[in-house]
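Okay, here's what each chain looks like letter by letter:
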Amino acid sequence: MKIGFLVNPVAGMGGTVALKGTDGAETLRRALALGAVPRAHLRAGAALSAALPVPDGVRFLSCGGEMGEAILASLGIPCGVVYAPEGRTSGEDTRRAARAMAEAGADLIVFAGGDGTARDLCSALEGRDVPVIGVPAGVKIHSAVYGVTPVRSGQLLAKFMSGQVRDFTRADVMDIDEDAFREGRVNARLYGYLTVPLDRSCLQDRKSGGMARDEYDRTAIGAWLADQMRPGRLYLVGSGTTTQAVMDALGLPDTLLGVDAVRDRCLVGRDLTERAILEMARPGDTTLIVTVIGGQGHVFGRGNQQLSPEVIRTAGRENVVVAATPAKLNALFPRPLLVDTGDADLDRELSGYVPVVTGWARRQMCRLSR
C-alpha cells in the first residue's frame, strides 16, 4: 500500500492575525509582517501520531522538506520523495505534488491545509479516482473532505491502512472569495468533488448557512446577551451572524467575520488579532461570546483562530458563552458540538456539557467534544 502525504506549510497562518485566510503571496506577506507563525506542521504531526504504528507493507510517498518529508522523519516514518519544492511553496507546488503521488501509484493521499489546498487537490486529481483525507490546518475549512480534528483524520488513516475502510463517497470541495470575506461578505462556491473514505465519525460535514426562520431567534439571542452585559467587563464577540445580533442589539458596528471588543456597551476594538486581544484581556474580567458553525458544529477552530488557546485560557472556560439558534442545534443533533483549538489539553478541558443560549432567557444543554 502506498500513502501520499503532503503539507501546505503556510495554511492557517492568516487566522490568528485576523486575515481570514492565507491565499496568495501578498496575504502571506501581510501575515508574516503581523507576526503569524506556521502551524500546519503541528496539525499534520498530530494526525500522523494518531495513525501510528504504521502497518507492515505500507510505504509513504511525500514531498521534500516542510511539505512532508521533515514531519515524517521526525516521527521515524521513512518515505520516498516524489516531489521537491524550490523555495517558498505555492498552490502550484501542491498541485504538482498531488499529481506526482497519483502517478507513483498512491492508494490514498493525506494532505494538511485549508479550503484552498483542497481546491488544489481537486484540480490536480481531476479524472483520477484517488481517495484523500484532509487534515484541517487552514482558517475557514468549509469543505467536507477534512477530518473533524487532526486526530480524527489520523484515526481514519489508521483505519484505511489496516484495511477497515470498505466504502468511499464523493465529498464537496467548497471555498470562498477571501477578499470579499475580509470585507464581511461570504461568497461560497462549490469547486468540485474529491473521493473520501465513508466514515461520518471522522469526517466533518460541509459548512451550511443559516435559515430564514432563524432570524427571530438570533434577534432574541442578541437582545438577551446585550442585556446581560455587566459594567466594566470586556466582552469579545466572535464571528458569525448569531453573534452579529449582539452588536446589532447594542447599536454598534461589527465585523461579521472577525472578533470585536465591547466594554460598557461601547466598541473598544474591532476585527482584532490574537495579539491585540491578549493586550486587552484580563483573567476574571473577560467574556468570550461565540457561536456554532452550521452543519459542522465547531465552536472553536474554524474561522475564529484569533480566539487562540492563550486567549481562551485567559478568559477561562467558565467565561465562554456559546449561542446558537434552536434550528441550528436541531440540524446537528445527535452529534456533539466541537472544539479543535490545536491544544489537546485545552480541548479536553473544554469538553463536557455547556449551556447554549438559544433565545431570550433560554438555554439548552449541549455536549462539547473534541
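Before reading on, note that the structure itself is shown above.
Reading the values: the criteria
- Residues numbered from 1 in each chain as written.
- Predicted model: local features only at pLDDT ≥ 70, side-chain atom pairs only at ≥ 80, totals over all residues.
- Heavy atoms only, no water.
- Helix = DSSP H or I, 4+ residues; strand = E, 2+ residues; numbered from the N terminus.
- Rg over C-alpha atoms; globule rule 2.2 N^0.38 Å.
- Buried < 20%, exposed > 50% of the residue type's maximum accessible area, 1.4 Å probe, protein only.
- Contact = heavy atoms within 4.5 Å.
- Areas by Shrake-Rupley, 256 points an atom, 1.4 Å probe, with all protein chains shown as cover.
- Lys, Arg positive; Asp, Glu negative; His and termini not counted.
- Charge placed at Lys NZ, Arg CZ, Asp CG, Glu CD.
- Pairing = 2+ DSSP bridges.
- Axes fitted to C-alpha atoms, helices over the stretch in contact; angles between N-to-C directions.
- Salt bridge = Lys/Arg side-chain N within 4 Å of Asp/Glu carboxyl O.

Our next topic: the overall build of the protein chain. Each helix and strand in the protein chain was counted, giving 13 helices and 16 strands. The C-alpha radius of gyration computed for the protein chain amounts to 20 Å, which stays within 12% of the reference 21 Å derived for 370 residues, consistent with globular compactness. Along the first, second and third principal axes, the C-alpha atoms of the protein chain reach 60 × 45 × 35 Å. Counting across all 370 residues of the protein chain, residues that qualify as buried make up 56%. Long-range pairs, those at least 24 residues apart, make up 68% of the contacts in the protein chain between residues at least 6 apart in sequence. Carbon and sulfur atoms make up 49% of the accessible area of the protein chain, which totals about 15,300 Å². Here the protein chain contributes 43 positively and 42 negatively charged side chains, and the mean placements of these two sets differ by 3 Å.

For the rest of this paragraph, the subject is the sheet that holds strand β8 (residues 234–237). Spatially, the 9 strands line up as an open sheet ordered β10-β9-β8-β11-β13-β15-β16-β14-β12, and their pairing is mixed. Because the sheet does not close on itself, it has two edges, and the strands there are β10 (266–269) and β12 (298–300). In this sheet, neighbouring strand axes are inclined to one another by 35° on average, regardless of whether the strands run parallel or antiparallel. Looking at chain direction, β8 and strand β11 (residues 286–291) are connected through 4 bridges and run parallel. In the strand pairing of β11, Val237 is matched with Ile289. Sheet contacts for helix α8 (residues 214–227): β11, β13 (320–323), β15 (352–359) and β16 (362–369); angle to β15, the most-contacted strand, approximately 105°. The sheet strands contacting helix α9 (residues 241–250) are β8, β9 (260–263), β10, β11 and β13, and the helix crosses β11 at an angle near 125°.

Along the chain, the position of Asp254 falls in the loop between α9 and β9. Among buried Asp, Glu, Lys and Arg side chains, Asp254 stands out as unpaired, with Arg270 the closest opposite charge at 5.7 Å.

On the secondary structure map, Leu198 appears in the loop between β7 (188–197) and α8. Owing to a relative accessible area of 47%, Leu198 belongs among the partly exposed residues under this scheme. The spacing of Leu198 and Lys328 is 130 residues in sequence and 24 Å in space, taken between C-alpha atoms. The contacts of Leu198, once residues within four sequence positions are left out, are Asp167, Phe168 and Thr169.

Another point: the sheet that holds strand β4 (residues 108–113). The strand order β3-β2-β1-β4-β5 describes an open sheet built from 5 strands, whose pairing is parallel. Both outer strands of the open sheet, β3 (79–83) and β5 (132–136), are each paired with one neighbouring strand and no more. Taking the axes of each pair of neighbouring strands and ignoring which way they run, one obtains an average angle of 25° across the sheet. When strand β1 (residues 2–7) meets β4, the two strands line up parallel, connected through 5 bridges. Counted as the bridge partner of Phe5 is Val110 from β4. Taken strand by strand, helix α6 (residues 150–161) contacts β1, β2 (59–63), β4 and β5, and its axis lies near 160° from that of β5.

Remember, this is a structural readout, not a statement about activity or role.
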